[in-house]
Amino acid sequence: MKASTTLPTISLIIPCFNEAANITPFVQACVTTLPIGYRYELLFVDDGSRDATARTISTLKPGREDMTIRCLELSRNFGKEVAVTAGLHDCRGAAAVIIDADLQHPPATISKFITAWEQGAEVIIGLRQADKQYAPWVKRQGSKLFYKILNALSSVEILPNATDFRMIDRVVIDEFNRFTERSRMTRGLIDWLGFRREYVEFKPATRLHGEAAYSLRKLTGLALNSIVGMSLVPLKLAGYLGLLITLFFGSLGAVIAVEMFALHDPLHLRVANSVDLAVLIIFLIGIVLMALGLIGLYIATIHTEVANRPLYVVRAPRKK
Ligand code: UDP
Ligand code: MG
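Positions within a chain are numbered from 1, following the residues in the order the chain's sequence is written. Chains carry letters and ligands carry numbers; both start at the beginning, A for chains and 1 for ligands, and go up in the order they are written. For this predicted model, a pLDDT threshold of at least 70 governs which residues receive local features, and a threshold of 80 or more governs which side-chain atom pairs are given and counted, while totals over whole chains, interfaces and linings are taken from all residues. Only hydrogens and water are removed before side-chain values are computed, so all heavy atoms of the structure are retained for them.

(A) Representation of the nonpolar core in the model. What makes a nonpolar core is a set of buried Ala, Val, Leu, Ile, Met, Phe, Trp, Tyr and Cys residues whose side-chain atoms join them at distances within 4.5 Å. For every residue, the accessible area (1.4 Å probe, protein chains only) is compared with the maximum for its type, and the residue is labelled buried under 20%, exposed over 50%, or partly exposed between those bounds. Membership of the largest hydrophobic core comes to 34 residues, with the highest contact counts inside it found for Leu12 and Phe44. Looking at this core, the elements that each hand over two or more residues are strand 1 (9-16), helix 1 (20-33), strand 2 (39-46), strand 4 (95-98), helix 4 (110-118), strand 6 (162-169) and strand 7 (197-202). The numbering of helices and of strands both runs from the N terminus, where a helix is a DSSP run of H or I of at least 4 residues and a strand a run of E of at least 2. When residues of this core are assigned to their parent elements, the largest contribution, 6 residues, is made by helix 1. In this structure, Phe44 is in contact with Ile14, Cys16, Ile23, Phe26, Val27, Ile57, Leu60, Ile69, Arg70, Cys71 and Leu72, ignoring residues within four places of it in sequence. Counting residues in hydrophobic clusters, the runner-up holds 25 residues, among them Val45, Ala96, Phe176 and Leu193. Contacts: residue pairs with any heavy atoms within 4.5 Å of one another.

Structure, rendered in C-alpha cells:
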C-alpha cells in the first residue's frame, strides 16, 4: 500500500447549524464506513450555530490516520446554500462530498459514490429512495409542486428525489467556484454545470438529534429563490398575459364596432355602452401589461448579465 500522504484526498463538506449533538456520532460513522485508499478531509462549516457546535468540532479527534478535521466558522447564520459554497471554496480534495451533519445522509453511501467517481463520473447524485415517513405531507407535496414548476420553467433537468447529498470532482468544484451570483441553490448550479452524472440511491435516515432547521417559510423562500435564479419565465408572464388580453379584447372590440356602428346591429346584439367601455378598458390594460412584459425582457437581460455565469463550461482533461 502507498504511504498515506500520497493518497488523493476526498473532502467532506458538512454544513452545520446547531448540530452539537450530531457531530460526534457523525464522525464516528465516517470513521467506521469510509473506505480505505484515500485521505479524508472532514471540513465542517459552522453556519453561525448558537450551540456548542464549533466547540465540539474543535475538540474532535479524527480517530483514523487518513483523516483530518477542519472547521470553517461563519460569522453568522448564512443558510445552508452559502455554507456549502464556503466549504467548496475552501476544500482541498480531488473531489468533495456534500453531506448533512444530522446523519440523514448516511456516510456509508459515500463508498458507492467513490466507486462511481473512480469509474469516471464527475457528479454523483444521491437519490432519496421513496420513503413516506421521511417528511410531513405538506413538505412532500410542496416539493413535488416545486419540482414540477422548476422543470417546466428551466432548461436544466432536475430529478425530484435528487438530494444535495452528492460528490463532485475537482473540475466541477473549480467551475462551481466561478459562480458569482448571490442568491443561489447549490444543487441547481451543479445541475446547470452538467458533466458526467451518475446516480446512487440511498435510504434517508431520520434526523439523529434536534429538529430540521429548514422551516416551511425558509423552504418556500429557497424555492422562490431558485425559480427566479433558474428561470426567466415569471418575468415574461405579464407580457404573455398582456398579449392574450390585447388580442382577445382587441378583436372583440373590433367585432362590436363593426357590428354595432358600421352595420347598425344586424344580429340584434344590443351591446350596452357600459360593455363597450369595459372592452375598451380591458384592451388598454392588456397594452399596459404588454409594456410591463417588455420592461421584464430588459430586466431579464440585466438579470443574466449580473448573474455573470460563465458562458460555457469546458471539461478539462482528467489528470488521472
Ligand atoms: N444547515 C445549515 N444552515 C442552516 C440550516 C441548515 O448549515 O441555516 C445545515 C444543517 O446543520 C444540516 C443541513 O444543513 O447539516 C440540512 O439541514 P436540515 O437537516 O435542517 O434540513 P433537511 O434535512 O430538512 O433538509
Ligand atoms: Mg436534515
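And the narrative resumes.
(B) Looking closely at the coordination of the magnesium ion (ligand 2). Summarising the metal site, the magnesium ion (ligand 2) is bound by the protein donors Asp102 (OD) and Gln104 (OE1), whose distances to it range over 1.9 Å. Here Asp102 and Gln104 have matching classes, each one buried. Coordination partners: N, O, S within 2.8 Å of the metal, 3.2 Å for Na, K and Ca; water not considered, so apparent gaps in a site are possible.

(C) Structural context of the pairing of strand 1. Within strand 1, 7 of the 8 residues are buried, leaving the element largely enclosed by the surrounding structure. When DSSP finds at least two bridges between two strands, those strands are taken to pair. Across 8 bridges, the pairing between strand 1 and strand 2 is parallel. Each bridged residue has a counterpart across the sheet, and for Ser11 the counterpart in strand 2 is Glu41. For a crossover, the right-handed case is the one in which the path from the first strand over the helix to the second runs clockwise, viewed with the strands pointing away from the viewer. In this fold, the crossover linking strand 1 to strand 2 by way of helix 1 has right-handed handedness. Sheet topology note: the strand 1/strand 4 ladder contains 4 bridges and is parallel. Paired with Ser11 across the two strands is Ala96, which belongs to strand 4.

(D) Up close: a nonpolar patch on the surface. A surface patch of nonpolar side chains, about 530 Å² in accessible area, is lined by Leu277, Leu280, Ile281, Leu284, Ile285 and Ile287. Mapping Leu277 onto the fold places it in helix 10 (residues 273-307). Residues forming no salt bridge and having over 30% relative accessible area are the ones grouped into patches, like charges within 9 Å of each other and nonpolar side chains (Val, Leu, Ile, Met, Phe, Trp, Tyr) within 5 Å. Here the Shrake-Rupley method, with its probe set to 1.4 Å, supplies the accessible areas, and only the displayed protein chains count as covering residues. Every case where a carboxyl oxygen of Asp or Glu lies within 4 Å of a side-chain nitrogen of Lys or Arg is listed as a salt bridge.

(E) The arrangement of the packing of helix 5 (residues 137-153) against helix 8 (residues 216-230) in detail. To define axes, lines are fitted to C-alpha atoms, for helices over the stretch in contact only, and angles between the resulting N-to-C directions are given on a 0 to 180 degree scale. The interhelical angle for the contact between helix 5 and helix 8, taken along N-to-C directions, is 5°, at an axis separation of 10 Å. The orientation of helix 5 relative to helix 8 falls into the category roughly parallel. Residues Val138, Lys139, Phe146, Ile149, Leu150 and Leu153 of helix 5 form the contact with helix 8, whose own contacting residues are Leu216, Leu219, Ala223, Ser226, Ile227 and Met230. Roughly parallel means an angle under 35 degrees; roughly antiparallel, over 145; roughly perpendicular, 65 to 115; everything else is oblique.

(F) Structural detail: the pattern of salt bridges. Per the counting criterion, the structure on display carries 10 salt bridges. Across the pair Asp174 and Arg170 runs a salt bridge whose closest N-O atoms are separated by 3.0 Å. A residue pair is termed a helical-turn pair when its members lie 3 or 4 positions apart in one helix, as Asp174 and Arg170 do in helix 6 (residues 170-176) at 4 residues. For Asp174, a relative accessible area of 38% puts it in the partly exposed group. Glu175 is paired through a salt bridge with Arg178; the nearest N and O atoms lie 2.6 Å apart. Classification of Arg178 by relative accessible area gives partly exposed; the value is 43%. Bridged by salt links that share partners, the residues Glu41, Arg70 and Asp90 form one connected network.

(G) Highlighting the packing of aromatic side chains. Any two of the Phe, Tyr and Trp rings considered here, Trp counted by its six-membered ring, make a pair once their centres fall within 6.5 Å; the pair's planes then place it as stacked at under 30 degrees, edge-to-face at over 60, or tilted in between. On inspection of all chains with the given rule, the structure shows 8 aromatic pairs. Geometrically, the ring pair formed by Phe176 and Phe179 is edge-to-face, given 5.8 Å between the ring centres and 75° between the ring planes. For the residue pair Phe176 and Phe179, the accessibility class agrees, reading buried in each case. Among the aromatic residues, those joined into a ring-pair cluster are Phe113, Phe165 and Phe202. Seen from the ring of Phe78, Arg76 lies directly overhead, with NZ or CZ sitting 4.0 Å from the centre. Two conditions define a charge sitting above a ring: the NZ of Lys or the CZ of Arg must be within 6 Å of the ring centre, and it must be within 35 degrees of the ring normal.

(H) Quick look at the side chain of Glu259. Among the structural elements, Glu259 can be located in helix 9 (residues 233-262). Aside from chain neighbours lying at most four places away, what touches Glu259 is His264, Asp265, Pro266, Leu267, His268 and Leu269.

(I) Representation of helix 3 (residues 80-90) in the model. The element helix 3 is extensively covered by neighbouring structure, given that 8 of its 11 residues are classed as buried. Taken together, the buried positions of helix 3 are Lys80, Glu81, Ala83, Val84, Thr85, Ala86, Gly87 and Leu88.

These values are about where atoms sit, not about what they do.
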